[in-house]
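# Structural overview
For reference, the chains in residue letters:
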Amino acid sequence: MHIYCETPVLDYTEHDLLAQVASMYYLEEMTQDAIAAQLGVSRIKVYRLLKQAREEQVIQFTINWPVQRAPEVEAQLCNVFHLREALVLRPSSPDRSHALARVGQLGARYLEQILHDGMVMTVCLGRSTYEVIHAVRPGFQGHVDVVQAVGSLALATPELDSASLARELAAKLGGKAHYLAAPMVVDGVEAAEMLRGQRDIQRVLAMARRADVALLGVGNLDPATSEFTKGGYLSANELAQIRAAGGVGDMSGQIFTVDGLPYTGGFNERVIGLRLDDLRAIPTVMAIAIGEAKTKAILGALRTGVIDVFCTDLDTAKAVLESAAQTREALSVPNPSSHLRTNDGAI
């Protein structure tokens, strides 16, 4: 047993003490001097414990931003992409520094409305899903189990990994976390098939496929930010080749084209997790993504037919709708070669 107190006056485990000090300071509104006196430690020790509690997420802060939506743009997204629902945050100021956190809060409020006792939810890794899960309020009245949708990613920021997200969300929703004990990407297709054949991995993937709700983000294959590159699974050159072959983004580690079709270059088969067809069969799939840099990736993601509920901000929504309109216009322009006859052997 590890004791943080400078004098052994209380029999606390490490986590117990962090939670106790945090409760005394933030809930009971005791001063750091008063906490130090009651626990028999120095004031600087209390300060360090509070700092450690924040770093280890014993304390989590949620800022409830004012939420204003854009119903007319939401209706456009639903109409163009056949969505069940769109959640579009209307910015209250030009400052976009907290845009993703605010959109995450919008997504969290939606999940709190649709989730109920006995459901199963599956989650993917990433900053967007982290913001939604972080904004879900503790004390949910129900028991919702949470399953990893994809394996863990090497070198990922720990709190953004799918295992950490599943654990945090299950704790908030009063359910159990079910972990996919595998890497997200393996070295080859044969290795992936072998891992998928393992009993424990089969069981968790089957549970994820039967989920009632899935939460995922959209990646844009930017080598500067791609978790595939950070994890060493794809070099910048390989990522550039995938983009040159038509890949524009990924969901659940599955790369797709701007037309919403799966990338066929072999990488998707190396991913241990849910495929696009698996996600398409889940009753409610919510995706969250923002940013001009992700416009093409989001357009492709919406065209996969996987997403039922899309959560974003107004600028991103407008950019995606404009991109979709431009694509439709390009497709409607006749190809001159299509009017050239070939019945005389000449094109």
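Preceding block: the structure.
Read on for a plain summary of the structure. (Residues numbered from 1 in each chain as written. Predicted model: local features only at pLDDT ≥ 70, side-chain atom pairs only at ≥ 80, totals over all residues. Heavy atoms only, no water.)

Across its full length, the chain holds 14 helices and nine strands. Classification of the 347 residues of the chain by burial places 49% in the buried group. Across the chain, every contact between residues at least 6 apart in sequence was considered, and the portion connecting residues at least 24 apart equals 70%. As presented, the chain carries roughly 17200 Å² of accessible surface, and 52% of it is formed by carbon and sulfur atoms. (Helix = DSSP H or I, 4+ residues; strand = E, 2+ residues; numbered from the N terminus. Buried < 20%, exposed > 50% of the residue type's maximum accessible area, 1.4 Å probe, protein only. Contact = heavy atoms within 4.5 Å. Areas by Shrake-Rupley, 256 points an atom, 1.4 Å probe, with all protein chains shown as cover.)

By secondary structure assignment, the location of Ile-272 is in the loop between β7 (254-257) and α12 (276-280). Each C-alpha atom, one on Ile-272 and one on Met-184, is 5.1 Å from the other, the two residues being 88 residues apart in sequence.

Turning our eyes to something else, we now look at helix α7 (residues 162-173). End to end, α7 covers 16 Å across twelve residues, agreeing with the expected 16 Å (1.5 Å per residue, within 8%). Buried residues along α7 sit in contact with β2 (120-123), α6 (127-135), β3 (145-148) and β4 (177-178). The first or second residue beyond α7 is Gly-174, which carries a positive phi of 70°. (Expected span 1.5 Å × (residues − 1).)

In this section: the packing of aromatic side chains. The description of an aromatic ring pair rests on the distance of the ring centres and on the angle between the ring planes. If you walk through the whole model with that rule in mind, you get two aromatic pairs. Measuring from ring centre to ring centre gives 4.9 Å for Tyr-25 and Tyr-26, while their planes differ by 90°; the resulting arrangement is edge-to-face. For Tyr-25, a relative accessible area of 30% puts it in the partly exposed group. A centroid spacing of 4.8 Å and a plane angle of 65° characterise the contact between Phe-228 and Phe-267, whose relative ring orientation is edge-to-face. (Phe/Tyr/Trp six-rings, centres within 6.5 Å; stacked < 30°, edge-to-face > 60°.)

Put simply, helix α1 (residues 14-27) and helix α2 (residues 32-39) touch, their axes get as near as 10 Å, and they point 135° apart. Accordingly, the angle class assigned to the pair α1 and α2 is oblique. Classified by chirality, the crossing of α2 by α1 is right-handed. The segment α1 lies against α2, with Leu-17, Val-21, Met-24 and Tyr-25 engaging Gln-32, Ile-35, Gln-38 and Leu-39. (Axes fitted to C-alpha atoms, helices over the stretch in contact; angles between N-to-C directions. Parallel < 35°, antiparallel > 145°, perpendicular 65-115°, else oblique. Left-handed = near helix turned anticlockwise from the far one by under 90°.)

The grouping of Tyr-25, Tyr-26 and Leu-27 at the surface amounts to a nonpolar patch, some 300 Å² of accessible area in total. Following the sequence through the fold, Tyr-25 ends up in helix α1. (Patch = residues over 30% accessible without salt bridge, like charges linked within 9 Å, V, L, I, M, F, W, Y side chains within 5 Å. Salt bridge = Lys/Arg side-chain N within 4 Å of Asp/Glu carboxyl O.)

That's the geometry; what it means functionally is another story.
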